[in-house]
Protein chains: 2
Amino acid sequence: MASTASPSREELHIPTALDNQPLFRGMKAEFRDTFAQSSQIQILSKGTILFLQDDPAEWFYLILSGWVKLFTETMDGDEAVIDMVSNGHMIGDSAILEDGVHSFGAAAVEPVTVIRLPSNLLKQAISEDHQTALAMLGSLSRHRKRQSREIESLTLQNASQRIGCFLLRLCHPEQSMPIELTLPYDKSLIAARLGMKSETFSRALNKLRKETSLAIKGSMVTVSDLEELSGYVCSACSNEFPCKDLHG
Amino acid sequence: MASTASPSREELHIPTALDNQPLFRGMKAEFRDTFAQSSQIQILSKGTILFLQDDPAEWFYLILSGWVKLFTETMDGDEAVIDMVSNGHMIGDSAILEDGVHSFGAAAVEPVTVIRLPSNLLKQAISEDHQTALAMLGSLSRHRKRQSREIESLTLQNASQRIGCFLLRLCHPEQSMPIELTLPYDKSLIAARLGMKSETFSRALNKLRKETSLAIKGSMVTVSDLEELSGYVCSACSNEFPCKDLHG
């Protein structure tokens, strides 16, 4: 599986990594400095739980590399994968707006590097620094849009179209054909991320292969006709390829 | 069908209606006064489009009574009902954070009374008034939590459990048995809101009746064993009845 690139030396410098984030960029220097001093780089092994649903929000995290699964768990022990996020994403930051507890859990699905930051400082920065509140608004708003698309997709796209949409989001329209892709993480995780059981995923993937000129071998995917794939996928969506929220 | 109660005389007084909303309550008086002066009460007939997806965000709305459908539409002409909202809800407010265009459409599904408010004034209030930005953050955060639950439900609950969950949210735990409910809007809209085709909805409703002591006649629902219903529904959810986000 293709892992996200390991963080460069520069990215492991906390102040530099924070400066790359809209949340910290416009923040008052006093808060940004305190964040840099009270933060810590952590290298987490596969399977590490960052926090669980209903845990009090003590820390939030900026991912520098690796994939993190956001999930909830039912009484019956089933797991819903709410999202999969990677470098540049922050997780657990909005818990301070939700009674101070995490509304989902987060776990590393491969070796992951994060910066761990204190939640109470974020709460203080938002309440005292207008620019931080505005940056947080922008972040929540992008997230809201991403979730609305997800609800639309779960409602209207069939399983094959959902897999096609997932692959399409890995393609860039200006790439020359054929496009060679590597799946970002394990197929069983892709199935879970798309809300499908493994059997449904396999059947739907076979159907997608038949309907479009798509080849998959292990974790390698070859898209030889992008227009055909986007035609098949986007007919059941209110967006056209390339999505406006492609990398949102 | 049970319509939401018509607005009282007091609610039709714009400043009073605005004061009932967290967004306006802590707002600087100069902004709140300008809002009250530049707002307008509108009585919309069934089917009225408030705005369409990709429309520039000129206005946002506070619903005083009646149900409004939030939706997107695919290239194929299929419609996804993203949400159904009613009195006390604001719609279209977050578009100012999303490139100034609406990311979904909104339509009255019955006679609806709204207050129409100017989007550019909200943009200005958020950028200049810290309390308004914080109130908006609270609102987006509640919305995010609501959407996360929706994604979890679409992923883990079967169709019967989704219908049961919808009904459960109309029940209060302290009500005495049997609980008599009136469906808030048309069954076909409930099906669309839950992301189901009509046939799936009918089959799933029949299954729900068999699995729990539930009776439905027209738009009247009788729940004679709340524990049985919540047991059936909430086993496939990470929340227990009564939901923490019950009226979120």
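Residues numbered from 1 in each chain as written. Chains lettered and ligands numbered in written order. Predicted model: local features only at pLDDT ≥ 70, side-chain atom pairs only at ≥ 80, totals over all residues. Heavy atoms only, no water.

S.K.: Pulling in residues and values, what's your account of the nonpolar core?
M.R.: In this structure, A:Phe24, A:Phe35, B:Phe24 and B:Phe35 are the most contacted members of the largest nonpolar core, which totals 48 residues. Beyond its immediate sequence surroundings of up to four residues, A:Phe35 is in contact with A:Leu18, A:Phe24, A:Met27, A:Phe60, A:Leu117, A:Pro118, A:Leu121, A:Leu122 and A:Ala125. (Core = buried A, V, L, I, M, F, W, Y, C linked by side-chain atoms within 4.5 Å. Buried < 20%, exposed > 50% of the residue type's maximum accessible area, 1.4 Å probe, protein only. Contact = heavy atoms within 4.5 Å.)

S.K.: So what's going on with the relation of the copies chain B and chain A? Which residues, and what values?
M.R.: Superposing chain B onto chain A takes a rotation of 180° combined with a translation of 0.0 Å along the rotation axis, leaving an RMSD of 0.0 Å. Expressed as an axis order, the relation between the two copies is that of a two-fold axis. Both copies share a contact surface, since 100% of the interface residues of chain B are interface residues in chain A too. (Least-squares fit on C-alpha atoms with pLDDT ≥ 70 in both.)

S.K.: Describe the sheet that holds strand S9 (residues 179–182) of chain A, with residues and values.
M.R.: Residue and element names in this part refer to chain A. Pairing in this open sheet of 3 strands is antiparallel, and the strands run S9-S11-S10 from one edge to the other. Each of the sheet's edge strands pairs with one partner strand only, and the pair in question is S9 and strand S10 (214–217). Direction aside, the axes of adjacent strands within the sheet are offset by 20° on average. Note: S9 against strand S11 (residues 220–223), 4 bridges, orientation antiparallel. By the bridge assignment for S11, Thr182 is matched with Met220. (Pairing = 2+ DSSP bridges. Helix = DSSP H or I, 4+ residues; strand = E, 2+ residues; numbered from the N terminus. Axes fitted to C-alpha atoms, helices over the stretch in contact; angles between N-to-C directions.)

S.K.: Describe the confidence of the model for chain A, naming the residues involved and giving the relevant values.
M.R.: Summarising the model, chain A shows a mean pLDDT of 90, and 94% of its residues fall at 70 or more. Among the prediction metrics, the complex's ipTM stands at 0.86, with pTM recorded as 0.88. (pLDDT = per-residue confidence, 0-100.)

S.K.: Can you break down unusual backbone geometry residue by residue, with the values?
M.R.: Backbone torsion omega between B:Met177 and B:Pro178 reads -10°, so that peptide bond is classified as cis. Note on placement: B:Pro178 falls in the loop between helix H6 (159–168) and strand S9 (179–182). The phi dihedral of A:Asp99 is positive, around 60°, even though this residue is not glycine. Inspection of the secondary structure assignment puts A:Asp99 in the loop between strand S6 (90–91) and strand S7 (105–108). Residue class for A:Asp99 comes out exposed when judged on its relative accessible area of 73%.

S.K.: How would you explain the sheet that holds strand S2 (residues 49–51) of chain B if you had to name every residue and give the values?
M.R.: All names here are of chain B. Spatial strand order, S2-S7-S4-S5: 4 strands in an open sheet with antiparallel pairing. Each having just a single partner strand, S2 and strand S5 (79–85) make up the two edges of the open sheet. Across the sheet, the axes of successive neighbouring strands diverge by a mean angle of 30°, strand direction being ignored. Bridge analysis of strand S4 (residues 68–73) against S5 gives 6 bridges, and the strand direction is antiparallel.

S.K.: Residues and numbers for the interface of chain B and chain A, please.
M.R.: Between chain B and chain A, the contact holds 49 residues from the first and 49 residues from the second. By the criterion of area lost to chain A, the three top residues of chain B are B:Leu137, B:Arg144 and B:Ile151, representing 17% of everything that side buries. Our enumeration of links across chain B and chain A arrives at 0 salt bridges. The tally of links from chain B across to chain A stands at 19 residue pairs in polar contact (both at pLDDT 80 or more). Mapped by element, the contributors of at least two residues to the side of chain B that touches chain A are S4, S5, helix H4 (119–128) and helix H5 (130–156) of chain B. (Buried area = accessible area lost by both parts, 1.4 Å probe. Salt bridge = Lys/Arg side-chain N within 4 Å of Asp/Glu carboxyl O. Polar contact = N/O pair within 3.5 Å; in protein donor to acceptor, adjacent residues only side chain to side chain.)

S.K.: So, the pairing of strand S8 (residues 112–118) of chain B: which residues are in play, and what are the values?
M.R.: All names here are of chain B. Most of S8 sits out of view: 7 of its 7 residues are buried. The side-chain alternation of S8 yields two buried faces, one formed by Val112, Val114, Arg116 and Pro118 and the other by Thr113, Ile115 and Leu117. Bridging between strand S1 (residues 40–44) and S8 involves 5 bridges; their strand directions are antiparallel. The residue of S8 that forms the bridge with Gln42 is Val114. Here strand S3 (residues 59–65) pairs with S8 via 6 bridges, running antiparallel. Bridge pairing in S8 links Ile63 to Val114.

S.K.: An account of the packing of aromatic side chains is requested, with residue identities and associated values reported.
M.R.: Tallying each qualifying case throughout the model produces 12 aromatic pairs over all chains. Plain terms: the ring middles of A:Phe51 and A:Tyr61 are 6.2 Å apart, the flat faces sit at 25° to each other, and that makes the pair stacked. Pair noted here: A:Phe51 is in strand S2 (residues 49–51) and A:Tyr61 is in strand S3 (residues 59–65), with a separation of 10 residues, a long-range link. Of the two residues, A:Phe51 and A:Tyr61, neither departs from the other in class, the shared state being buried. Considering the side-chain rings of B:Phe166 and B:Tyr185, the 6.0 Å spacing of their centres and the 70° angle between planes classify their relative orientation as edge-to-face. Placement of B:Phe166 in helix H6 and of B:Tyr185 in the loop between S9 and helix H7 (187–193) is noted, with a sequence separation of 19 residues between them. As far as the burial class goes, B:Phe166 and B:Tyr185 line up, both buried. Taken together, the ring pairs in this structure connect A:Phe24, A:Phe35 and A:Phe60 into an aromatic cluster. Of note, A:Arg116 hangs over the ring of A:Trp59, and the distance from its end group to the ring centre comes to 3.5 Å. A cation sits over an aromatic face here: B:Lys69 above B:Phe71, 5.3 Å from the ring centre. (Phe/Tyr/Trp six-rings, centres within 6.5 Å; stacked < 30°, edge-to-face > 60°. Lys NZ or Arg CZ within 6 Å of the ring centre and 35° of its normal.)

S.K.: Outline the pattern of salt bridges, supporting the account with residue identities and numerical values.
M.R.: Following the criterion strictly, the structure yields 14 salt bridges over all chains and no others. With its nearest N and O atoms 3.2 Å apart, the salt bridge here joins B:Glu150 to B:Arg162. Here B:Arg162 lies in helix H6 and B:Glu150 lies in helix H5, a separation of 12 residues in the sequence. Taking relative accessible area as the criterion, B:Glu150 reaches 13% and is therefore assigned buried. Salt bridges here are not isolated pairs; linked through shared partners, they connect A:Asp83, A:Arg146, A:Glu150, A:Arg162 and A:Arg193.

S.K.: Please provide a residue-by-residue account of the domain arrangement of chain A, values included.
M.R.: All names here are of chain A. Domain boundaries in chain A define domain 1 (2–147) and domain 2 (157–247). Computed from C-alpha coordinates alone, the two centres of domain 1 and domain 2 are separated by 28 Å. Each partner contributes residues to the interface: domain 1 has 7 residues there, and domain 2 has 7 residues. Taken over both partners, the interface formed by domain 1 and domain 2 buries close to 770 Å², and the fraction arising from carbon and sulfur atoms is 65%. Here domain 1 is connected to domain 2 by 1 salt bridge. Close ionic contact of Arg193 with Asp83 constitutes a salt bridge, the shortest N to O distance being 3.5 Å. One can count 0 residue pairs in polar contact (both at pLDDT 80 or more) joining domain 1 with domain 2. Here the element with the most residues in the side of domain 1 that touches domain 2 is strand S5 (residues 79–85); it accounts for 3 residues. (Domains from an automatic or database assignment.)

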